[in-house]
Every structure is written in C-alpha cells, then in structure tokens.
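# Structural characterization, general
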There are 2 protein chains.
Amino acid sequence: MESEQIITALEALAQEHRLAAFRALVKAGPPGLTPSVLSEKLALPAPTLSFHLAQLRHAGLVNVTRDGRSLIYVANYDAMNGVVAFLTENCCADACAPASCSVKPTKVKEKTHETPARARRRA
Amino acid sequence: MESEQIITALEALAQEHRLAAFRALVKAGPPGLTPSVLSEKLALPAPTLSFHLAQLRHAGLVNVTRDGRSLIYVANYDAMNGVVAFLTENCCADACAPASCSVKPTKVKEKTHETPARARRRA
DNA sequence: ACAACATTTCCATAGTTATGGAATTATGGA
DNA sequence: TCCATAATTCCATAACTATGGAAATGTTGT
C-alpha cells in the first residue's frame, strides 16, 4: 500500500464524526448502514454526514451500494487492515519488542544508545 | 484508550512529514534519532521539523530525552499499538470475517442484508 | 566569558477543512 | 404524472494547519 493512500486514510479517520461513522460501520458488518440511520445514530445533519461519508469513500475506507432510495455504506476491512499493516511495519523487528506488541519479535537486541556525550558523562 | 486521544494520534500521523518521521523512528528503534538526523533524512528545515515533532510529542506517539546538545526522539510503540487496537476493535467479530483479517473470527454469520426494497425486487 | 552548535519559539502568510441551510438529483409508490 | 422520501451538491463562512526565515533558548568545550 502506497504511503499517499495511507495518509488519505489516516486523514479520513482523524476526525471525530468520520471515526465514529467508520466504527459504526465496522460494527455493523457486511449489512452496512444507510446515511439516515447514521445521521440519527451520530446526531449529524444530512449534508454534514454526507460530506464526511464522501471523504471515507474517497479514502477507500467504505464502499457504497444502492438499495432502492437508500444508499448502503459498508466498511472496507481490507483497507483498514492495510492501514494497520502499514503502521506496524518495521515495528517489533530486531530492534524492538515492547510488552504490548502483538507481533512476535524475531530477535531482541540488548543494545543501549551510546552517544559521545553519554560516554563522557559516564566516565 | 479514549477516542479523543486516538483522534489526536491519527491527526498526527495523517501528514506526509510526520508519518515519515514517525516511521523513521519506528525503524530506528529504542536508540531513536535526533532532529538533525531526521532533518537531513527527510530534507526538512529545522523549524518545520520541530513543529511536526511537537505534534507527534503532544499526541504521545514519541518520547524525547536529552543527550548533551541533542534531543533524542523515540517512537512510543505502546501508543501506536493502542491506535491499532482501537481501529481493529469490533472488527472480525460475529458479523465479519474478511480473508485479509489477522484476527480470528469467533463465529461467522452467513446473513445477507435483506431490505424491503431488495425483497420486493426479488419477488 | 565566549563561540559554536542543536533545537525551539515567534510570527506572518498561504492553504485547507468543517459546517449546515438552501437548492438539486434520484428513486419508488399512488 | 405528481408527491414524498433519501441523499447529495452548492456555497459562504469560520476555524484550523503548514511553512520557513529570523530571533531566542539551552548546552558544551575552550
């Protein structure tokens, strides 16, 4: 996944109402939700919600289909997992093994940062 | 983790230079990196970098210590994992089991969305 | 004390984002 | 066709964010 796409996705999620909408869709699963349902759930005026859903759509985080007069928004789990994968990339590799990390380290170095200034202070 | 903190973290990561800086720090591991090194790596003027590092700091995504004249920025892996956990929360539960999902579903419903309009169309 | 270095803060400017009422488009039922 | 419903687009406004030169702050070695 390109880092430009990742930024678009992060921008989309970095907003109160969009994060709430996305989470509601993740929770709703494959059946998805309509804008009117979301509008009520999140207490947002239709145009405002529409604006935010468009951002999530452009970021590829949600997909839309029509069902009669209603549109149905569904979370795109693959996109979400792409973002998560990008953020955890290079984490928990040789250099890093925090307790909370869910990915297993391949090897842990016990190396401490030793700068000239620190060495001098030690001496 | 509070959703307000999550939004602050996502805002911090949703910017080209900050995402690049954060990833460089994740890759660098516990030894961390100084602003001057980052400034060169990312080709950013010092004040601009400083501005972005401050945002990452306020978002709790990085920690700083001083070593002589230099500051040392280190990625906060716990914070990053908190963001990841928040995003994947409620995912891959009963209602959802995408192929790409890394978390095992507890149970998979084979339920399709059946709206009035769809039912009518089918009939 | 002073010079040199590392980094930050200050600040004006340019650009971007969020908001919601009014108008518009699309769909389905009578 | 005409009406009601679902959702979007339009648009002006207010608020926020990024940028980088100049100045200020803190730190070390002489």
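Residues numbered from 1 in each chain as written. Chains lettered and ligands numbered in written order. Predicted model: local features only at pLDDT ≥ 70, side-chain atom pairs only at ≥ 80, totals over all residues. Heavy atoms only, no water.

Another aspect to go through is the packing of aromatic side chains. The description of an aromatic ring pair rests on the distance of the ring centres and on the angle between the ring planes. Under the defined criterion, the tally for this structure stands at zero aromatic pairs over all chains. The ring of F86(B) is capped by R23(A), whose NZ or CZ atom sits 3.7 Å from the centre of that ring. (Phe/Tyr/Trp six-rings, centres within 6.5 Å; stacked < 30°, edge-to-face > 60°. Lys NZ or Arg CZ within 6 Å of the ring centre and 35° of its normal.)

Take the environment of A9(B) next. All names here are of chain B. Within the secondary structure, A9 is located in helix α1 (residues 3–13). According to the relative accessible area criterion, A9 is buried, its value standing at 1%. For the pair A9 and L56, spaced 47 residues apart in the sequence, the C-alpha separation amounts to 7.6 Å. With sequence-adjacent residues up to four places away left out, A9 is seen in contact with A59, L61 and V83. (Helix = DSSP H or I, 4+ residues; strand = E, 2+ residues; numbered from the N terminus. Buried < 20%, exposed > 50% of the residue type's maximum accessible area, 1.4 Å probe, protein only. Contact = heavy atoms within 4.5 Å.)

Next up on the list: the nonpolar core. Membership of the largest hydrophobic core comes to 63 residues, with the highest contact counts inside it found for F22(A), L56(A), L61(A), F22(B), L56(B) and L61(B). Setting aside residues up to four positions removed in sequence, L56(B) forms contacts with A12(B), L13(B), R18(B), A21(B), F22(B), L61(B) and V62(B). (Core = buried A, V, L, I, M, F, W, Y, C linked by side-chain atoms within 4.5 Å.)

Turning our eyes to something else, we now look at the protein's contact with DNA strand C. Taken together, 24 residues form the shell around DNA strand C, and within it R18(A), H52(A), Q55(A), S36(B) and Y73(B) come nearest. Note that a phosphate oxygen of DNA strand C is positioned 3.4 Å from one of the side-chain N or O atoms of H17(A). One of the side-chain N or O atoms of T48(A) is found 3.2 Å from a phosphate oxygen in DNA strand C. When residues of the surface near DNA strand C are traced back to their parent elements, those giving at least two are α2 (16–28) and α4 (46–58) of chain A together with α3 (35–42), α4 (46–58), β2 (70–75) and α6 (116–122) of chain B. Per-class residue counts for the surface near DNA strand C are eight nonpolar, ten polar and six charged. (Near = heavy atom within 4 Å. Polar contact = N/O pair within 3.5 Å; in protein donor to acceptor, adjacent residues only side chain to side chain. Nonpolar A, V, L, I, M, F, W, Y, C, P; charged D, E, K, R; others polar.)

What follows is about the pairing of strand β1 (residues 62–67) of chain B. Sheet faces and side chains relate simply in a regular strand, where the side chains alternate between the two faces. Residue and element names in this part refer to chain B. Pairing geometry for β1 and β2, over six bridges, is antiparallel. Residue pairing across strands places V62 opposite A75, the latter belonging to β2. If you look at the hairpin formed by β1 and β2, you'll find two residues sitting between the two strands, and G68 has a positive phi there, around 65°. (Pairing = 2+ DSSP bridges.)

As a further point, take the pattern of salt bridges. This structure, assessed with the given rule, holds two salt bridges over all chains. A salt bridge links R23(A) to E89(B); its shortest N-O distance comes to 3.0 Å. Of this pair, R23(A) sits in helix α2 while E89(B) is found in the loop between α5 (77–88) and α6, placing the two residues in two different chains. In this structure E89(B) comes out as partly exposed when scored by relative accessible area, which is 38%. (Salt bridge = Lys/Arg side-chain N within 4 Å of Asp/Glu carboxyl O.)

This part covers α4(A). Residues and elements named next belong to chain A. Look at α4: 18 Å from first C-alpha to last across 13 residues, which is about the 18 Å you get at 1.5 Å a residue. Buried within α4 are the following residues: L49, H52, L53, A54 and L56. Elements that come into contact with the buried residues of α4 comprise α1 (3–13), α2, α3 (35–42), β1 (62–67) and β2 (70–75). (Expected span 1.5 Å × (residues − 1).)

Despite not being glycine, A43(A) has its phi angle at roughly 55°, a positive value. With respect to the helices and strands, A43(A) occurs in the loop between α3 and α4.

Further remarks concern the confidence of the model for chain A. Scored by pLDDT, chain A comes out at a mean of 82, with 73% of its residues at no less than 70. Scored below 50 in pLDDT, residues 93–113 of chain A makes 30 contacts in the model with residues more than four places away or belonging to other chains. (pLDDT = per-residue confidence, 0-100.)

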